[in-house]
Amino acid sequence: MLKSPAMFGALLVELPPKTHSLRRQLCGFFGKILRDESGSTAIEYGLIGALISVVIFASVTMVGTQLSGVFNSIATAFSTAS
């Protein structure tokens, strides 16, 4: 009835056959997940999108600062002309 022993700490415990089947199923399931690479493309696209958004944010911030300086100089020119 009980086929193979398993060691848990200092106790020797006999596992029933159903436990071995469950262990085999879980090992197969997790092995399949580790070998599956279909989600890696989505992760790569997500990282590329995040990098592009960081570049856009940095460039808009830099251009916005320069544009603010241009508008301030135009406003100063108008206020001194009138």
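Residues numbered from 1 in each chain as written. Predicted model: local features only at pLDDT ≥ 70, side-chain atom pairs only at ≥ 80, totals over all residues. Heavy atoms only, no water.

A. Spotlight on the overall build of the chain. A count of helical and extended segments in the chain gives two helices and two strands. Reading the chain from its N end, one meets helices and strands in the order β-β-α-α. Relative to its full complement of 82 residues, the chain shows a buried share of 5%. When the accessible surface of the chain is totalled, it reaches about 7300 Å², and 72% of it is carbon and sulfur. (Helix = DSSP H or I, 4+ residues; strand = E, 2+ residues; numbered from the N terminus. Buried < 20%, exposed > 50% of the residue type's maximum accessible area, 1.4 Å probe, protein only. Areas by Shrake-Rupley, 256 points an atom, 1.4 Å probe, with all protein chains shown as cover.)

B. Quick look at the confidence of the model for the chain. Taken residue by residue, the chain gives an average pLDDT of 78. The fraction at 70 or more is 74%. Across the chain, element-level confidence peaks in helix 2 (residues 38-81) with a mean pLDDT of 89 and bottoms out in strand 1 (residues 5-8) with 48. Here residues 1-10 scores under 50 on pLDDT; set against residues more than four positions off or in separate chains, the count is 18 contacts. (pLDDT = per-residue confidence, 0-100. Contact = heavy atoms within 4.5 Å.)

C. Region of the structure containing a nonpolar patch on the surface. On the surface, Val63, Leu67, Val70, Phe71, Ile74 and Phe78 cluster together into a nonpolar patch covering about 580 Å² of accessible area. For Phe78, the position within the fold is in helix 2. On the accessibility criterion, Phe78 (61% relative accessible area) is exposed. (Patch = residues over 30% accessible without salt bridge, like charges linked within 9 Å, V, L, I, M, F, W, Y side chains within 5 Å. Salt bridge = Lys/Arg side-chain N within 4 Å of Asp/Glu carboxyl O.)

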